[in-house]
Amino acid sequence: MAETYSKNAAPLLAGAATVDITPSGSVFLFGYPHVPRYSTGVHDPLECAALYLRNEKQGALFLANDLACFTKPFVAEAKKRIAAATGLAEEAIMLTATHTHSGPVMADRLGNEVDVVPDADPAYLKWLMERLVDAAKAAVKAAVPAEIGLTRARAEGVGTNRHDPAGTADPEVPVLVARSLATRQPIACMVVYSMHPTVMHEDSKLISADFPYYTRRFLRQGALPAECPIIYHNGVSGNQSPRHMTKANTFDEAQRLGELLGRTIAAVIPGITFRATADIRCKRRWLELERRPIPPMDRAEAGLVQKRELFARLKREGAPKQEVRTVECDVFGAERTVQLAKATADGRLEKTIQSRSPGEIQVIAIGPWKFVAWPGEFFVEYGLALKQRSPDTFPITLANG
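Residues numbered from 1 in each chain as written. Predicted model: local features only at pLDDT ≥ 70, side-chain atom pairs only at ≥ 80, totals over all residues. Heavy atoms only, no water.

Trainee: Got a minute to help me understand the overall build of the protein in this structure?
Mentor: When you go through the protein residue by residue, the secondary structure sums to 8 helices and 18 strands. The globule rule puts the C-alpha radius of gyration for 401 residues at 21 Å, and the 21 Å found for the protein is close to it. Summarising its shape, the C-alpha atoms of the protein cover approximately 70 × 45 × 40 Å along the three principal directions. A burial count over the protein gives 54% of its 401 residues as buried. Sequence-distant contacts, at least 24 apart, represent 78% of the contacts inside the protein between residues at least 6 apart. Total accessible area computed for the protein in this model is approximately 17,400 Å², and 53% of it derives from carbon and sulfur atoms. Between the mean site of the 49 positive side-chain charges and the mean site of the 45 negative ones, the protein shows a separation of 4 Å. (Helix = DSSP H or I, 4+ residues; strand = E, 2+ residues; numbered from the N terminus. Rg over C-alpha atoms; globule rule 2.2 N^0.38 Å. Buried < 20%, exposed > 50% of the residue type's maximum accessible area, 1.4 Å probe, protein only. Contact = heavy atoms within 4.5 Å. Areas by Shrake-Rupley, 256 points an atom, 1.4 Å probe, with all protein chains shown as cover. Lys, Arg positive; Asp, Glu negative; His and termini not counted. Charge placed at Lys NZ, Arg CZ, Asp CG, Glu CD.)

Trainee: What is the right way to look at the sheet that holds strand β17 (residues 369-373) in this model?
Mentor: By way of backbone hydrogen bonds, the strands of a sheet pair with one another, either parallel or antiparallel. Taken in spatial order, the 4 strands line up as β15-β16-β17-β18 in an open sheet, and their pairing is mixed. This sheet does not close on itself; its edge strands, each paired only once, are β15 (280-287) and β18 (393-396). Pairwise comparison of adjacent strand axes, ignoring direction, gives a mean angle of 15° for this sheet. The sheet contact formed by strand β16 (residues 359-366) and β17 spans 5 bridges and is antiparallel. Considered in β17, the bridge of Gln 362 is made with Ala 373. Taken strand by strand, helix α8 (residues 380-389) contacts β17 and β18, and its axis lies near 155° from that of β18. (Pairing = 2+ DSSP bridges. Axes fitted to C-alpha atoms, helices over the stretch in contact; angles between N-to-C directions.)

Trainee: Before we go on, may I ask you to explain the pattern of salt bridges in this structure?
Mentor: Charged atoms that come close allow side chains of opposite charge to pair. Counted by the stated rule, this structure contains 24 salt bridges. The partner of Glu 328 in a salt bridge is Arg 325, and the shortest N-O contact between them spans 3.0 Å. With Glu 328 and Arg 325 both in helix α6 (residues 321-346) and 3 residues apart, this pair spans about one turn of that helix. The partner of Arg 348 in a salt bridge is Asp 346, with the nearest N and O atoms 2.8 Å apart. Looking at Arg 348, the relative accessible area reads 25%, which means it is partly exposed. (Salt bridge = Lys/Arg side-chain N within 4 Å of Asp/Glu carboxyl O.)

Trainee: Honestly, unusual backbone geometry in this entry has me stumped. Any pointers?
Mentor: A negative phi holds for most residues other than glycine; trans holds for most peptide bonds. A positive phi angle, close to 65°, is found at Arg 184, a residue other than glycine. Along the chain, the position of Arg 184 falls in the loop between β10 (172-180) and β11 (186-193). For Asp 392, which is not glycine, the phi torsion reads 60° and is therefore positive. Looking at Asp 392, the relative accessible area reads 28%, which means it is partly exposed.

Trainee: For this particular structure, what's the right way to read the environment of Asn 161?
Mentor: With respect to the helices, strands and loops of the structure, Asn 161 is situated in strand β9 (residues 160-161). Taking the relative accessible area as the measure of exposure, Asn 161 reaches 5% and is therefore buried. The spacing of Asn 161 and Pro 295 is 134 residues in sequence and 26 Å in space, taken between C-alpha atoms. When residues no more than four places from it in sequence are discounted, the contact partners of Asn 161 are Gly 167, Thr 168, Asn 239, Gln 240 and His 244. For Asn 161, the side chain forms a polar contact with the main-chain oxygen of Thr 168, separated by 3.0 Å. (Polar contact = N/O pair within 3.5 Å; in protein donor to acceptor, adjacent residues only side chain to side chain.)

Trainee: Got a minute to help me understand the pairing of strand β4 (residues 47-54) in this structure?
Mentor: As a general feature of sheets, a regular strand has side chains that alternate between the two faces. Burial within β4 is extensive, with 7 of its 8 residues counted as buried. Alignment of strand β1 (residues 12-20) against β4, held across 8 bridges, turns out to be antiparallel. In the strand pairing of β4, Gly 15 is matched with Tyr 52. With 7 bridges joining them, β4 and strand β5 (residues 59-65) adopt antiparallel strand pairing. Note on β5: the bridge partner recorded for Arg 54 is Gly 59. In textbook terms, the turn of a hairpin is the stretch between consecutive antiparallel strands, and for β4 and β5 this stretch comprises 4 residues.

Trainee: Quick question: what am I supposed to make of helix α3 (residues 211-219) here?
Mentor: Along an α-helix, residues three or four positions apart point the same way, because every turn accommodates 3.6 residues. Taking burial as the measure, the 9 residues of α3 include 7 buried ones, the bulk of the element. For α3, the full list of buried residues reads Phe 211, Pro 212, Tyr 213, Tyr 214, Thr 215, Arg 216 and Leu 219. Against the buried residues of α3 lie β4, β11, β13 (230-234) and α4 (251-268).

Trainee: Sorry if this is basic, but what is going on with the pairing of strand β6 (residues 93-97) here?
Mentor: The buried count for β6 comes to 5 of 5 residues, which makes it a mostly enclosed element. Here β6 shows no split at all, with Ile 93, Leu 95 and Ala 97 on one side and Met 94 and Thr 96 on the other all buried. As paired strands, β5 and β6 are joined by 5 bridges and run parallel to one another. Bridging from a neighbouring strand, Asn 65 pairs with Ala 97 of β6. The β-α-β motif built from β5, the intervening helix α1 (residues 72-86) and the parallel element β6 has right-handed crossover chirality. (Right-handed = clockwise from strand over helix to strand, strands pointing away.)

Trainee: Help me understand the packing of aromatic side chains in this model?
Mentor: In this description, a pair of aromatic rings is defined by centroid distance and the angle of the planes. Summed over the entire model, instances satisfying the criterion amount to 9 aromatic pairs. Measuring from ring centre to ring centre gives 4.8 Å for Trp 374 and Phe 378, while their planes differ by 50°; the resulting arrangement is tilted. A relative accessible area of 25% means that Phe 378 is categorised as partly exposed. Measuring from ring centre to ring centre gives 5.8 Å for Phe 378 and Tyr 382, while their planes differ by 80°; the resulting arrangement is edge-to-face. Through successive ring pairs, a cluster of aromatic residues spans Phe 62, Phe 371 and Phe 394. (Phe/Tyr/Trp six-rings, centres within 6.5 Å; stacked < 30°, edge-to-face > 60°.)

Have a look at this one:
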């Protein structure tokens, strides 16, 4: 249904576009840093999906990408170029990553004492920059008078808290749809879901968006037009994972979970109430990031020994695979802590922190709904606390570098 609105009010404009950002050739697949994992093919293309919204005073642009992350310098340059190409203010442009673990390396890492991850490919990053600008320009060019509406789905069974399947989680999925005012046909759909897209593990060597690919495909097979751009953001998912819901780490499982999420979204779309006008407000601030305490070398190394011993014992005793995987990830974390302790001692960590802080905190408000962009990964408790304090607010992480 559509709300009534003043015929004298300037209409909302909406445009959307999708471009392919799949790297060519064989690339190192980022996400499991202890395995020399180079791609042997493409299971599904990686997408950049863009949504442009504008009223008579203000515009905003969301770009969601099937990538692990962005660096702060990359985002700064991308926003500068997109702003020049579209006329939008940089604070009105949001770049996010879905955090697939089956995509290219996007950032150089601090040292390589533990992992085998190469540096990011400058040629791919240069090409990617051009594709993001192309997506932005196409979305702006496609803008037509439109109406928008938002509702909420509730996704159960796709994933849980990665440490405790009964632990804190947030199954809420905001679903925003923009549709043509003239035809009432969807222009785009934007969703936010707090879950790691990590059904596929290090044994998979195919480029993939993981389960969000199947979510988009399902929606385009009935609930939305076949070519409808779907802007998929990752919510507050630092401790959220499909680990305890997967029967195996296969594309069949990625399809099962992705379609489960797709069905929950599709079920709520028909009930959306649309409006043809909306205030658009965009703000950002730069905040110093709170530093995580790094233990001294002796404590870091002792912690690593402890985690490795536990991991070996669980494998020896035949513990459930989810429990073994959780402790294996703890081993990865302990190895990384040793690496950070070394970098603290020799001064490299301080230089890295200076390059990443302050972080950009961004808010794009569309009518009564606020989309808050945070850099990096956050545990779900932070997102729930924000939403409790500010209803109709939806945090998005892995945003803006």
